[in-house]
Protein chains: 2
Amino acid sequence: MYDKIITISREFGSAGHTIGKKVAEKLGIPCYDSEIVDKVALESGLLKELVEEKGEYLSAAGRISTSFTLYNLYSNMSKEDIIWAAQVKVIKELAEKGPCVIIGRCAEYILRERTDLLRVFICADMESRAEHIVSVYGEKDESPEKRLKDKDKKRAAYYKYYTETEWGDPLCHDICLNSGTLGIDKCVEIIAGM
Amino acid sequence: MYDKIITISREFGSAGHTIGKKVAEKLGIPCYDSEIVDKVALESGLLKELVEEKGEYLSAAGRISTSFTLYNLYSNMSKEDIIWAAQVKVIKELAEKGPCVIIGRCAEYILRERTDLLRVFICADMESRAEHIVSVYGEKDESPEKRLKDKDKKRAAYYKYYTETEWGDPLCHDICLNSGTLGIDKCVEIIAGM
């Protein structure tokens, strides 16, 4: 029942992306992450960079008006809403194709009416996440903790805005794994084993 | 590393007790639940019923003074604090005996310095939990939802008071399982498989 579509929500820096890719490899099914960004960009007509920036994060300024863009098909919608609508369409289409792993982008919410989901949430303590983002993205002017807190805040706001549920709520998932204590390989083993 | 002591926190009505018992049976290790109540009663000199009532729940009235009890060894402590102190001692002693499953009672917090823990949290949606408590404890004057909300509130208050962390925080556990969607047997299989 739970072996068809695996959605992986993850805290930034919790290695959820790596875990998702490895699970997909192990099960021999596709893993969608950056592919979603490409498809949403194509679908919405908006720049890939913008889709990347606005597809999972809501900034303090909230939604931005599209009035200054050339894109006017949905002229009464903000860019975030256009991206959301395209994301819903793309994710539903990908799920229709068959078994896969979908990383982030509220997929467990978008696909909530399907009965063949395994909804995973990956979290980790601040220390492990800080270490992970420095190893993947390098040092920046801001401390890793500050970068993580900022991302957490924006992802939570985005999630709440579009799904009306709390980011990381265990009840919105079937399983939550702490990659900081379990490690990447153990998480992969548990998910693939289900 | 994670196969020695399994702590199971659970929402009331999420079948965490049943899951814990089944995991212990499967692994051939003891499961401590009501045994803890017996031992804490013995250790504290307080009635078993009181230990059961105050060992996981904090009422709105907060802690009760012991001034009216005959028990005066810790006369400056509330009954809740006496129970907590006895619970810490009993749980640490049980863990010292070897591999086991310990259900509830903030065991994952009490044993947090050990490196051989697998800390599990079991949750479920309100509907499954309501169904579960009616099947186990029967109907009562209050609706199952009201009973669940009341228990949740008191458990969360107790947990926060004694551990200074949030009840059910995924970061305080290694794995959170949604028994409402996965079912009891799948949860047992995942935990025992780890």
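Refer to the structure above for everything that follows.
The structure contained in this document is the topic of the report that follows. (Residues numbered from 1 in each chain as written. Chains lettered and ligands numbered in written order. Predicted model: local features only at pLDDT ≥ 70, side-chain atom pairs only at ≥ 80, totals over all residues. Heavy atoms only, no water.)

### Quick notes on the overall build of chain A
Across its full length, chain A holds nine helices and five strands. Burial statistics for chain A: of 194 residues in total, 52% are counted as buried. Residue pairs in contact within chain A that sit at least 24 positions apart in sequence constitute 71% of those at least 6 positions apart. (Helix = DSSP H or I, 4+ residues; strand = E, 2+ residues; numbered from the N terminus. Buried < 20%, exposed > 50% of the residue type's maximum accessible area, 1.4 Å probe, protein only. Contact = heavy atoms within 4.5 Å.)

### What about the sheet that holds strand β4 (residues 117-123) of chain A?
Reading across from one edge, β2(A)-β3(A)-β1(A)-β4(A)-β5(A)-β5(B)-β4(B)-β1(B)-β3(B)-β2(B) is the order of the 10 strands in this open sheet, with mixed pairing throughout. At either end of the open sheet lies a strand with only one pairing partner, and these are β2 (31-32) of chain A together with β2 (31-32) of chain B. Two elements, β2 of chain A and strand β3 (residues 100-103) of chain A, share two bridges in a ladder whose sense is parallel. The partner of Tyr 32 of chain A across the bridge, within β3 of chain A, is Ile 102 of chain A. (Pairing = 2+ DSSP bridges.)

### A word on the environment of Ala 41 of chain B
Residues and elements named next belong to chain B. Relative to the helices and strands, Ala 41 is located in helix α2 (residues 34-44). Counting along the chain gives 42 residues from Ala 41 to Ile 83, while the straight-line C-alpha distance between them is 7.9 Å. Here Ala 41 is in contact with Leu 46, Lys 48 and Val 51, once residues within four sequence places are set aside.

### So, the relation of the copies chain B and chain A
With an axial shift of 0.0 Å and an RMSD of 0.0 Å, the rotation relating chain B to chain A amounts to 180°. What we have between these two chains is a two-fold relation. Considering only C-alpha atoms, the residue of chain B closest to the rotation axis is Cys 176 of chain B, which sits at 2.4 Å. Counting the interface residues of chain B, we find that 95% of their copies in chain A are interface residues as well, pointing to one common contact surface. (Least-squares fit on C-alpha atoms with pLDDT ≥ 70 in both.)

### Comments concerning unusual backbone geometry
Even without glycine at this site, Ala 15 of chain A takes up a positive phi of about 65°. Within the element layout of this structure, Ala 15 of chain A appears in the loop between β1 (5-10) and α1 (16-27). Backbone geometry places Arg 105 of chain B, a non-glycine residue, at a positive phi of 60°. Take Arg 105 of chain B: it is sitting in the loop between β3 (100-103) and α5 (107-110).

### Topic: the pairing of β1 of chain A
All names here are of chain A. By the criterion of burial, β1 is predominantly enclosed, with six of the six residues buried. Of the two faces of β1, the one holding Ile 5, Thr 7 and Ser 9 and the one holding Ile 6, Ile 8 and Arg 10 are both buried throughout. In this sheet, β3 lies alongside β1 in parallel orientation, the contact comprising four bridges. For Ile 6, the partnering residue across the bridge sits in β3 and is Val 101. As judged from the six bridges shared by β1 and β4, these two strands associate in the parallel manner. In the sheet register, Ile 8 faces β4, and the bridge partner there is Val 120.

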